[in-house]
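# Topology and contacts: notes
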Amino acid sequence: MRRTLAVLALSAAGLAQAATVSVYSSLATWQAAISGSAQAQDFTGYAPGTDLTGVAVLPGVTLTSNLGPVQAFAQTAMAFGPRANGNAFYEANYALPFLAVALDITGFEAIPGVPSTAIDPGLLSLLFADGTTQNIAISGGSGAPIFVGIISSSAIASFRWTEAHEGNGGNEESGLDNLRVAMRAPANRLPLPGSLPLALLALMASGLMPLLRSRRH
């Protein structure tokens, strides 16, 4: 019986393994690594000022921000609320099980000696369908778009882009552009959330307890 429980424990633990994640800094390398084609949203089809909050800008993909409405602006997605508190972020949620996503971060400046630009990296936080997370520090530059591509062994549930801080205080204003998705996971590949294997193990163990007692008697 101890051997049986040990096997069950190992099996359940295996279900909760963290996602394997690869990060790409160029569109070309990301495209070469994915299988199949990608769907993209460059926001050129939206009139300036269109409220994109909660709108499916790609199949199963919606945007929000703690700054207020996410709007179409100069062919990007931007939020214009106050950034003085220094905690500004955007979020993208994926209702479909994509294993590969990408985005451009726009307007992100980090120029030494210029206090109106970033003095630290921004943070891209990824949440996966298996319940695990990963943080990626992104450094600014001249303001040209910064590409970030992700390929994961587990479906990507969401990302949060937390803006960097300016030398003058508050956050360095940035936007999102060229959102891309690819490699939708088959239904039978979707992992269980991290808590479910433990619950499953508990149920299986409790089911074996009556059998153990009967053998003792």
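Residues numbered from 1 in each chain as written. Predicted model: local features only at pLDDT ≥ 70, side-chain atom pairs only at ≥ 80, totals over all residues. Heavy atoms only, no water.

### Regarding the overall build of the protein chain
For the protein chain, the count of helices and strands is three helices and twelve strands. By the burial criterion, 39% of the 217 residues in the protein chain qualify as buried. If you sum the accessible surface of the protein chain, you get close to 10900 Å²; carbon and sulfur atoms cover 58% of it. (Helix = DSSP H or I, 4+ residues; strand = E, 2+ residues; numbered from the N terminus. Buried < 20%, exposed > 50% of the residue type's maximum accessible area, 1.4 Å probe, protein only. Areas by Shrake-Rupley, 256 points an atom, 1.4 Å probe, with all protein chains shown as cover.)

### What about the pairing of strand β10 (residues 146-152)?
For β10, the buried fraction is high: seven of the seven residues fall into the buried class. Both faces of β10 are covered, namely the face carrying I146, V148, I150 and S152 and the face carrying F147, G149 and I151. Looking at chain direction, strand β1 (residues 21-24) and β10 are connected through four bridges and run antiparallel. Across the sheet, the residue bridging to V21 is S152, located in β10. In this structure, strand β7 (residues 98-106) lies alongside β10, joined through six bridges in antiparallel fashion. Following the sheet pairing, A100 is matched in β10 by I151. (Pairing = 2+ DSSP bridges.)

### Details of the pattern of salt bridges
Per the counting criterion, the structure on display carries three salt bridges. Measuring nitrogen to oxygen at the nearest pair gives 2.7 Å for the salt bridge that ties R83 to E163. Remark: E163 occurs in the loop between β11 (156-162) and β12 (175-184) and R83 occurs in the loop between β5 (76-79) and β6 (89-94); sequence separation between them is 80 residues. E163 gets classed as buried once you look at its relative accessible area, which sits at 2%. Across the pair R83 and E173 runs a salt bridge whose closest N-O atoms are separated by 3.6 Å. Taken together, the positions of R83 in the loop between β5 and β6 and E173 in the loop between β11 and β12 put the pair 90 residues apart, joining distant regions of the chain. Taking relative accessible area as the criterion, R83 reaches 10% and is therefore assigned buried. Several salt bridges converge on common partners, so that one network encompasses R83, E163 and E173. (Salt bridge = Lys/Arg side-chain N within 4 Å of Asp/Glu carboxyl O.)

### Some details on the packing of aromatic side chains
Scanning the model with the defined rule gives five aromatic pairs in all. Ring centres of F43 and Y46 lie 6.3 Å apart, and the angle between their planes is 40 degrees; this geometry places the pair in the tilted category. Classification of F43 by relative accessible area gives buried; the value is 1%. Note on Y94 and F159: the rings are 6.3 Å apart at their centroids and 50 degrees apart in plane angle, and the pair reads as tilted. Of the two residues, Y94 is situated in strand β6 and F159 in strand β11; the sequence distance between them amounts to 65 residues. (Phe/Tyr/Trp six-rings, centres within 6.5 Å; stacked < 30°, edge-to-face > 60°.)

### What about the nonpolar core?
Within the largest apolar cluster, 39 residues are counted, with the highest numbers of intra-cluster contacts made by L63, Y94, I138, F159 and W161. Looking at this core, the element that brings in the most residues is β7, giving four residues. Filtering out sequence-adjacent residues up to four positions away, L63 remains in contact with F43, L52, T53, G54, V55, V57, V70, A77, E91, A92, L176 and L179. Listed in part, the eight residues of the second largest apolar core include Y24, I34, I151 and A182. (Core = buried A, V, L, I, M, F, W, Y, C linked by side-chain atoms within 4.5 Å. Contact = heavy atoms within 4.5 Å.)

### Regarding the confidence of the model for the protein chain
When the pLDDT values of the protein chain are averaged, the result is 85; 78% of them are 70 or greater. The low-confidence segment residues 1-16 (pLDDT under 50) makes 18 contacts with residues lying over four places distant or belonging to another chain. In this model residues 208-216 is a low-confidence stretch, pLDDT under 50, and it forms seven contacts with partners more than four residues away in sequence or in other chains. (pLDDT = per-residue confidence, 0-100.)

### Some remarks on the environment of L58
Considering the arrangement of structural elements, one finds L58 in the loop between β2 (39-41) and β3 (61-65). For L58, a relative accessible area of 7% corresponds to the buried category. Each C-alpha atom of the pair L58 and Q41 lies 6.6 Å from the other, and the pair is 17 residues apart in sequence. Setting aside chain neighbours within four positions, we find L58 in contact with Q39, A40, Q41, L179, R180 and V181.

### What about the sheet that holds β11?
Here we have five strands laid out as an open sheet, ordered β3-β6-β11-β8-β9, and antiparallel in their pairing. Two strands close off the open sheet at either side, each with one partner strand: β3 and β9 (133-138). Strand-to-strand twist in this sheet, taken as the mean axis angle between neighbours without regard to direction, amounts to 15 degrees. Here six bridges tie strand β8 (residues 122-128) to β9, and the two strands are oriented antiparallel to one another. Across the sheet, L126 pairs through a bridge with Q134, a residue of β9. (Axes fitted to C-alpha atoms, helices over the stretch in contact; angles between N-to-C directions.)

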